[in-house]
Amino acid sequence: MSSVSPESPVPEKSLPGVRLRVPTEEDAYTWHRVFDDPDVMEFHGGRAAEVSVYEELTARQRKHDAEHGFCLWTMLDEDAEVIGFTGAQPWPLDDWGPVGEIEIGWRLARTHWGRGYATAAAHATLARVRAAGVPRVVAMVHPGNARSVAVTERLGMTLSTTYPSKRLGVDALCFGLELSS
């Protein structure tokens, strides 16, 4: 069972065990393989990015972890299989969205959908960023992504605003959650 912070809403059902670790250089290739699924990438451009994008992303996350104590971590299941990522990072864009906020997010292999992994990992993320002293987090979600909207609700997040996204062609939903006690 995953660890859930007492300050986080308690999930209604038992969640699977997940382990989070700082992404390695090898994870760039694993993330590329795991996310090479049109269903997984439906709300992220429709297909996996080039390996070079994941190489840059994993390198940036190692830097974030060293500087902030959190990042987008590699998510592993009970068998230590890489099944995606989850975590937090400073909002990476300065031209739109929740500039200056800490965003939490998750992306999960299709074979692991519907089993509670994203929720379990997101609860672990909240505990870690709270321990790092982050007072508030946001989650940016495509309005058509009902699974991710459901995860934000399970975390106790509420819709705070929307941002028009030219890249997505929709108003992206921005959910917020205060972490300070």
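The text that follows walks through the structure, step by step, so that each part is easy to find. For every chain, the first residue of its written sequence is number 1, and the numbers climb from 1 along that sequence. Given that this is a predicted model, residues contribute local features only at a pLDDT of at least 70 and side-chain atom pairs are listed and counted only at 80 or more, while totals for whole chains, interfaces and linings are drawn from all residues. Remark: hydrogens and water are excluded; side-chain values derive from all non-hydrogen atoms of the structure.

1. What about the side chain of His 112?
The following threshold applies: Put simply, DSSP marks the helices as runs of H or I at least four residues long and the strands as runs of E at least two long, and each gets a number from the N terminus on. A simple rule labels every residue: compare its accessible area, found with a 1.4 Å probe on the protein chains alone, to the largest value its type can have, and call it buried under 20%, exposed over 50%, or partly exposed in between. Contacts were defined at the residue level, with two residues in contact if any of their heavy atoms lie within 4.5 Å.
Relative to the assigned elements, His 112 resides in the loop between β4 (102-108) and α3 (117-131). We classify His 112 as buried; its relative accessible area is 5%. Contacts of His 112, omitting those with residues within four sequence positions, involve Asp 77, Glu 81, Ile 83 and Tyr 117.

2. Quick look at the environment of Leu 72
Structurally, Leu 72 can be placed in strand β2 (residues 72-76). Given a relative accessible area of 6%, Leu 72 falls into the buried group. Distance in space between the C-alpha atoms of Leu 72 and Ser 180 is 21 Å, their sequence separation being 108 residues. Aside from chain neighbours lying at most four places away, what touches Leu 72 is Pro 23, Trp 31, Leu 57, Gln 61, Phe 85, Thr 86, Gly 87, Ala 88, Gln 89 and Gly 105.

3. Details of the packing of helix α1 (residues 27-34) against helix α2 (residues 51-68)
Between two packed helices, what matters for the description is the angle formed by their axes and the separation of those axes. The condition is simple: Note on definitions: angles span 0 to 180 degrees between N-to-C directions of axes, and those axes are lines fitted to C-alpha atoms, for helices only across the stretch in contact. Roughly parallel means an angle under 35 degrees; roughly antiparallel means over 145; roughly perpendicular covers 65 to 115; every other angle is labelled oblique. Left-handed describes a crossing whose near helix is turned anticlockwise from the far helix by less than a right angle; the clockwise case is right-handed. In the scheme used here, Gly and all other residues not listed as nonpolar or charged are polar, with Ala, Val, Leu, Ile, Met, Phe, Trp, Tyr, Cys and Pro taken as nonpolar and Asp, Glu, Lys and Arg as charged.
Relative orientation of the contacting elements α1 and α2 amounts to 130°, with a least axis distance of 8 Å. Considering the angle they form, α1 stands oblique to α2. Two packed elements cross with a definite hand, and for α1 against α2 that hand is right-handed. Between α1, through Asp 27, Ala 28, Tyr 29, Trp 31 and His 32, and α2, the contact on the second element is made entirely by Val 51, Tyr 54, Glu 55, Leu 57 and Thr 58. Among the residues making up the contact of α1 with α2, the classes are represented as six nonpolar, two polar and two charged.

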